[in-house]
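Residue-level listing of the chains:
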Amino acid sequence: MPIGIDALEIATPGLYLPMTDLALARDVDPAKFHVGLGQDEMAVAPATVDAVTLGARAAAAVLERTEQADRDALGLIVLGTESGVDASKAMAVMVHGLLAEEYSLPDAVRAFDLREACYGGTAGLLTAVDYVAAHPGRTALVIASDLARYGLRTGGEPTQGAGAVAVLVREDPRLLAIDPATTAVTTDVYDFWRPEGEDVPRVDGKLSNECYMETFTRAWEAHVAATGLDLADYAALCFHLPYTKMGRKALARVLTPEQAAERGLTRIHERYEESIAYSRRIGNCYTASLWLGVASLLDAGSVAAGDRLALFSYGSGAVGELITAAVAEGFEKRRDPAAQRARLDARTALTVEEYEQVLTESLAPAGEGTSGTAFVDDGPYSLTGV
Ligand code: CAA
């Protein structure tokens, strides 16, 4: 019996910053952001949005799509994040607390968080696949939720963003079957990390790019050696997307556009462009970024049931994993691309001055309440105070 993703939904804040405006304010050629990094818009989370409320919004959207029998069968809630709000209590417990009554979720669930930088969501998904394999008939809810913030006028500023992806994992999935055989690579390196008590990460940008590409190349070569499968066996490759040029650079390590033309594999590059549409408009969301790419690809309408996908997850520090998946029969009925795009279109554009105010506020401790803050994004779940 295949096991995998039965529903996948995205949540992003209702505010964004056009990258052209950020470039002009920072005295940078806008082409550097649009072409050099591959980013057009950047989601901005106000003080009323944290990784818990964003995760709850994505999870609620998944539960809306989930029959009550699968909600009753829920045995595991696992949340991957690097935007933790408490050093002890799991955000998965808080999300359960927000949603349990509304969606009649059982209390007899395991709920915990997983952390390994941007890889945490993938770790959660693979844990959920193993859980369902070990507990036939049960389901699992996996949430990847992050606010990617580096701070004003930092090297990482144009690669910020915010978003959450939630998925329901069960047997006989109607979206994507996940192959339990994967290829992981772990290397102890300091390319990006956030010491306890610090609000924004420390990052060696150039080293992080190199570590990402090196990890991908090693995972891909090990995957090919172990399985005998190669690029021609896949309809598409999706990547963790800290910014969308990153995945393109990694892809070129194994297939340049010229090689693709020679080998009749231009579809791999075409599908890559489809997979980055949402990330170009949202920016990095750490643990959720790979899954944003998968959603973007599925919503573009070019892949078909039975197509095999290769998915590369990367978390600084560093862990990379190459996962393979098969698109399920009738998958298009499990997504609503028009509604997804409409939600992105409906967001409010901030000026650079407003963005700076929002980021400054959202990096400050929330204090007793968030009602007096500059922008209030009052989605179905929002942070009112601490
Ligand atoms: N027109 C077109 N392209 C231009 C340009 C212009 N006018 N000006 C510059 N560019 C190009 C450059 O040639 C370069 O392209 P290549 O990478 O292909 O060489 C690209 O724009 C970026 O330019 P720089 O390298 O000069 O950019 P930078 O010094 O500002 O640093 C960054 C970019 C390292 C990504 C930085 O924003 C950063 O540190 N971001 C955070 C870290 C990060 O995202 N790392 C990614 C890997 S780690 C990971 O994946 C985990 C994670 O999520 C964080």
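Our structure's up above, just so we're on the same page.
These lines cover the structure that appears in this document, whether it is placed above or below. Being a predicted model, the structure only gives us computed values, none of them experimental.

A few words on the sheet that holds strand 2 (residues 15-18). Read across the open sheet, the three strands follow the order 3-2-15; overall the sheet is mixed. A single partner strand is all that each edge strand has here, and the edge strands are strand 3 (41-44) and strand 15 (348-349). Where strand 2 lies against strand 15, two bridges are found, and the strand directions are parallel. Paired with Tyr16 across the bridge in strand 15 is Ala349.

Turning our attention to the site of the ligand. Near the ligand you find 27 residues, and of these Lys32, Lys206, His240, Lys245 and Lys249 are the closest. Contacts to the ligand include Lys32, whose side-chain N or O atom sits 2.7 Å from an oxygen atom. Interatomic distance of 2.6 Å between a side-chain N/O atom of Lys249 and an oxygen atom of the ligand. Within the complex, the protein chains bury 73% of what would otherwise be the 1100 Å² of accessible surface of the ligand. The site holding the ligand turns out to be the second largest pocket. Looking at the shell around the ligand, the elements with two or more residues in it are helix 2 (30-37), helix 7 (205-227) and helix 8 (244-254). Here the shell around the ligand takes five residues from helix 7, the largest share from any one element. Residue classes in the shell around the ligand are distributed as 12 nonpolar, 10 polar and five charged.

This part is about the side chain of Glu41. Checked against the element boundaries, Glu41 lands in strand 3. Of the polar contacts made by the side chain of Glu41, one reaches the side chain of Arg281; its length is 3.0 Å. A polar contact is formed between the side chain of Glu41 and the side chain of Arg347, at a distance of 2.7 Å. With sequence-adjacent residues up to four places away left out, Glu41 is seen in contact with Tyr16, Leu17, Met19, Arg280, Arg281, Ile282, Gly283 and Arg347.

Where helix 8 meets helix 10 (residues 266-275), the axes come as close as 11 Å, and the angle between the chain directions of the two elements is 165 degrees. With respect to helix 10, the axis of helix 8 lies roughly antiparallel. When you trace helix 8 past helix 10, the crossing you get is right-handed. Along the contact surface, helix 8 presents Thr244, Gly247, Arg248 and Leu251, while helix 10 presents Ile268, His269, Tyr272 and Glu273. For the contact of helix 8 with helix 10, the residue count by class is three nonpolar, three polar and two charged.

Right, let's talk about the packing of aromatic side chains for a bit. For any two aromatic rings, the description comes down to two numbers: the centre-to-centre distance and the angle of the planes. Tallied over the full model, the rule gives 13 aromatic pairs. Here the aromatic residues Tyr212, Phe216, Trp220, Tyr234, Phe239, Tyr272, Phe312 and Tyr314 are joined through ring pairs into a cluster of three or more.

A few words now on the pairing of strand 2. The alternating pattern of strand 2 places Leu15 and Leu17 on one face and Tyr16 and Pro18 on the opposite face, and all of these are buried. Across four bridges, strand 2 lies against strand 3 in antiparallel orientation. Following the sheet pairing, Leu17 is matched in strand 3 by Met42.

Further remarks concern the layout of surface pockets. Of the volumes computed, that of the largest pocket is approximately 1400 Å³. The set of elements that each furnish at least two residues to the lining of the largest pocket consists of strand 5 (110-114), strand 10 (192-193) and helix 14 (352-363). By residue number, the principal contributor to the lining of the largest pocket is helix 14, which donates three residues. Classifying every residue of the lining of the largest pocket gives 24 nonpolar, nine polar and 14 charged. A volume near 660 Å³ is recorded for the second largest pocket. What lines the second largest pocket is a set of 32 residues, and nearest its centre among them are Gly155, Thr159, Gly205, Asn209 and Tyr243.

Here the focus is the pattern of salt bridges. In the structure shown here, the tally under the stated rule is 22 salt bridges. The partner of Glu270 in a salt bridge is Arg271, and the shortest N-O contact between them spans 3.8 Å. What makes Glu270 partly exposed here is its relative accessible area of 43%. Through salt bridges with shared partners, one network takes in Asp6, Glu67, Asp70, Arg170, Arg174 and Arg334.

In the structure shown here, the tally under the stated rule is zero disulfides. We note that Cys118 lacks a disulfide partner, and the nearest cysteine sulfur, in Cys285, lies 9.4 Å from it. In this model Cys238 remains outside any disulfide bridge; the closest cysteine sulfur is found in Cys285, 14 Å from its own. The exposure class assigned to Cys238 is buried, which follows from its relative accessible area of 1%.

Quick notes on the rules
Residues numbered from 1 in each chain as written. Predicted model: local features only at pLDDT ≥ 70, side-chain atom pairs only at ≥ 80, totals over all residues. Heavy atoms only, no water. Pairing = 2+ DSSP bridges. Helix = DSSP H or I, 4+ residues; strand = E, 2+ residues; numbered from the N terminus. Near = heavy atom within 4 Å. Polar contact = N/O pair within 3.5 Å; in protein donor to acceptor, adjacent residues only side chain to side chain. Areas by Shrake-Rupley, 256 points an atom, 1.4 Å probe, with all protein chains shown as cover. 1 Å grid on protein atoms, 1.4 Å probe; cavity = no way out; pocket = protein on both sides within 12 Å on 5 of 7 lines; lining within 4 Å. Sits in = over half its atoms within 2 Å of the grid points. Nonpolar A, V, L, I, M, F, W, Y, C, P; charged D, E, K, R; others polar. Contact = heavy atoms within 4.5 Å. Axes fitted to C-alpha atoms, helices over the stretch in contact; angles between N-to-C directions. Parallel < 35°, antiparallel > 145°, perpendicular 65-115°, else oblique. Left-handed = near helix turned anticlockwise from the far one by under 90°. Phe/Tyr/Trp six-rings, centres within 6.5 Å; stacked < 30°, edge-to-face > 60°. Buried < 20%, exposed > 50% of the residue type's maximum accessible area, 1.4 Å probe, protein only. Points joined across faces, edges and corners; volume = space filled by probe spheres on them. Salt bridge = Lys/Arg side-chain N within 4 Å of Asp/Glu carboxyl O. Disulfide = S-S within 2.5 Å.

Without other data, these values stay purely geometric and don't point to any function.
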